[in-house]
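Coordinates in review
Okay, here's what each chain looks like letter by letter:
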Amino acid sequence: MATSASLDAEVAGFLADPNAADDVTGPLDEARTEIENVRDGASALNVGALVPPGRHRAQAEAIADHAEALLIYVDLLDASARFAIERAEAFAEVAGALDGLRMLSGEGVEVEEAERVVADVRADFEEARVEMHSQTPSVPVLFSNTHVLWRIDELSAPLTEIEQSIAERDVDRIERAFEAYAASADVDWPSYLATPDREGQQSARVAVDAVVEAVTAYESAREAAGSVRQTLLLVALLAIVAAVLVGAATLVVGASGRRA
């Protein structure tokens, strides 16, 4: 249960803030391994003549189905976390490129130097922007990239205005261009980075529903098994399930409630 509680806390932090993605990838990998072991153990379970085969098979299949449902949810979380990490790195490159404009705030900057700085900023900005556009996830993830890309693309226009105003040596136009750029750049970037993705959220709801259904099916199979629970082999397997799957089911149901 300690593993499940730890995973619960880390996933909750990630669902609230994609910047916490680094904290969740390792625990998700560990959880996946544990759940796969339970699934494989349930699929291979064979207690022979100790119990009626139909009863034990139904319960073992329910455990395996529960594990499969959890793995789908874990994979969604893992893909979302890894995408968040990669996007954060690319976004840092965009921010770093634009930060180069600070060099123009000093006194006595020559026009030629300003042109060189802006040209470098433009080159770095475009490279980082293309990198962010190329990071479209191959599967649905929990956080949207759409609004982030829109806002970044919008910065190209005021940057162009800065370039043109410097080229024309128009002091008033340069000042207005920087004001326009500052207004475009001064947005709530963290909220854009944390914007939910509709398709990814729908996939999460489907995955959570599947886990809940699997829990219900498992409970029904366990009740129907009756004396099967007295079998030593099955008792040992259920102990593993209690430590890994039941806690994880609480996690996904709780996460679904937080998103609702």
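Everything below is about the structure printed above this text.
Predicted model, so just to flag it, every value in this text is computed and none were measured.

Take the overall build of the protein next. When helices and strands are counted, the protein shows 10 helices and zero strands. In the protein, the succession of helices and strands from N to C terminus is α-α-α-α-α-α-α-α-α-α. Split into buried and exposed, the 260 residues of the protein put 42% on the buried side. Of all intrachain contacts in the protein linking residues separated by at least 6 positions in sequence, the fraction that spans at least 24 positions is 80%. When the accessible surface of the protein is summed, it comes to about 13400 Å², and 54% of that surface belongs to carbon and sulfur atoms.

It is worth spelling out the layout of surface pockets at this point. Computed from the structure, the second largest pocket encloses a volume of approximately 180 Å³. What lines the second largest pocket is a set of 13 residues, among which Thr-136, Pro-137, Val-141, Asn-145 and Asp-197 lie closest to the centre. Its residues assigned to classes, the lining of the second largest pocket comprises seven nonpolar, four polar and two charged.

Leu-98, Leu-101, Phe-125, Met-132 and Ile-152 are the most contacted members of the largest nonpolar core, which totals 26 residues. Those elements that provide at least two residues to this core are helix H3 (53–99), helix H4 (111–133), helix H5 (146–154), helix H6 (156–167), helix H7 (171–185) and helix H8 (189–193). Broken down by element, the residue count for this core peaks at seven residues, all from H4. Ranked by size, the runner-up nonpolar core spans 25 residues in total, among them Ala-67, Leu-77, Ile-85 and Leu-142.

The next point concerns the packing of aromatic side chains. According to the stated counting rule, one finds three aromatic pairs in the structure shown. Arranged with centres 6.2 Å apart and planes meeting at 65 degrees, the rings of Trp-189 and Tyr-192 form a pair that is edge-to-face. Taken as a pair, Trp-189 and Tyr-192 lie in helix H8 at a separation of three residues, close to a single helical turn. Residue classification places Trp-189 among the buried positions, given a relative accessible area of 14%. Among the aromatic side chains, those forming a connected cluster through ring pairs are Phe-91, Trp-189 and Tyr-192.

All right, on to the packing of H4 against H6 then. Packing of H4 against H6 brings their axes to within 10 Å, and their N-to-C directions diverge by 160 degrees. Considering the angle they form, H4 stands roughly antiparallel to H6. With respect to the hand of their crossing, H4 and H6 are arranged in left-handed fashion. Facing H4, whose interface residues are Val-111, Ala-114, Glu-115, Val-118, Val-121, Arg-122, Phe-125 and Glu-126, H6 presents Ser-156, Leu-159, Thr-160, Ile-162, Glu-163, Ile-166 and Ala-167. Broken down by class, the residue content of the contact of H4 with H6 amounts to nine nonpolar, two polar and four charged.

Looking now at the packing of H5 against H6. Working note: a packed helix pair is described by the angle between its axes plus the distance between those axes. Running from amino to carboxyl end, H5 crosses H6 at an angle of 15 degrees, the nearest separation of the two axes being 4 Å. By the criterion of interaxial angle, the relationship of H5 to H6 is roughly parallel. Contacts from Ile-152, Asp-153 and Glu-154 in H5 reach Ser-156, Ala-157 and Pro-158 in H6. Classifying every residue of the contact of H5 with H6 by side-chain character gives three nonpolar, one polar and two charged.

Turning our eyes to something else, we now look at the environment of Asp-209. If you trace the backbone, Asp-209 turns up in helix H9 (residues 198–225). Taking the C-alpha atoms as reference points, Asp-209 and Ala-69, separated by 140 residues in sequence, lie 9.0 Å from one another.

With that out of the way, let us pick up the pattern of salt bridges. For the structure shown, the criterion picks out 19 salt bridges. Here Arg-169 ties to Glu-112 by a salt bridge, and the two come within 3.9 Å at their closest N and O atoms. Here the residue Arg-169 occupies a position in the loop between H6 and H7, and Glu-112 occupies one in helix H4, the gap between them amounting to 57 residues.

Examined against the element boundaries, Thr-195 turns out to sit in the loop between H8 and H9. Given the relative accessible area of 17%, Thr-195 is considered buried. Here the side chain of Thr-195 touches Ser-191 through a polar contact of 3.0 Å, landing on its backbone oxygen.

Side chains of Asp-22, Asp-23, Glu-86, Glu-89, Glu-93, Asp-124, Glu-127 and Glu-131 sit close together on the surface and give a patch of like negative charge. Elements with a contribution of two residues or more to the negative patch: H3 and H4. Mapping Asp-23 onto the fold places it in the loop between helix H1 (2–16) and helix H2 (25–44).

Here we take up H2. Since one α-helical turn is 3.6 residues long, residues separated by three or four positions face the same way. An ideal rise of 1.5 Å per residue puts 28 Å on 20 residues; H2 measures up with 29 Å between its terminal C-alpha atoms. Those residues of H2 that sit buried are Thr-25, Pro-27, Leu-28, Ala-31, Arg-32, Ile-35, Val-38, Arg-39 and Ala-42. End-on view of H2: buried residues confined to an arc of 145 degrees, all on one side of the axis. More than 90 degrees from the buried face of H2, the exposed residues found are Glu-30, Asn-37 and Ala-44.

Conventions we followed
Residues numbered from 1 in each chain as written. Predicted model: local features only at pLDDT ≥ 70, side-chain atom pairs only at ≥ 80, totals over all residues. Heavy atoms only, no water. Helix = DSSP H or I, 4+ residues; strand = E, 2+ residues; numbered from the N terminus. Buried < 20%, exposed > 50% of the residue type's maximum accessible area, 1.4 Å probe, protein only. Contact = heavy atoms within 4.5 Å. Areas by Shrake-Rupley, 256 points an atom, 1.4 Å probe, with all protein chains shown as cover. 1 Å grid on protein atoms, 1.4 Å probe; cavity = no way out; pocket = protein on both sides within 12 Å on 5 of 7 lines; lining within 4 Å. Points joined across faces, edges and corners; volume = space filled by probe spheres on them. Nonpolar A, V, L, I, M, F, W, Y, C, P; charged D, E, K, R; others polar. Core = buried A, V, L, I, M, F, W, Y, C linked by side-chain atoms within 4.5 Å. Phe/Tyr/Trp six-rings, centres within 6.5 Å; stacked < 30°, edge-to-face > 60°. Axes fitted to C-alpha atoms, helices over the stretch in contact; angles between N-to-C directions. Parallel < 35°, antiparallel > 145°, perpendicular 65-115°, else oblique. Left-handed = near helix turned anticlockwise from the far one by under 90°. Salt bridge = Lys/Arg side-chain N within 4 Å of Asp/Glu carboxyl O. Polar contact = N/O pair within 3.5 Å; in protein donor to acceptor, adjacent residues only side chain to side chain. Patch = residues over 30% accessible without salt bridge, like charges linked within 9 Å, V, L, I, M, F, W, Y side chains within 5 Å. Lys, Arg positive; Asp, Glu negative; His and termini not counted. Charge placed at Lys NZ, Arg CZ, Asp CG, Glu CD. Expected span 1.5 Å × (residues − 1). Arc of directions from axis to C-beta.

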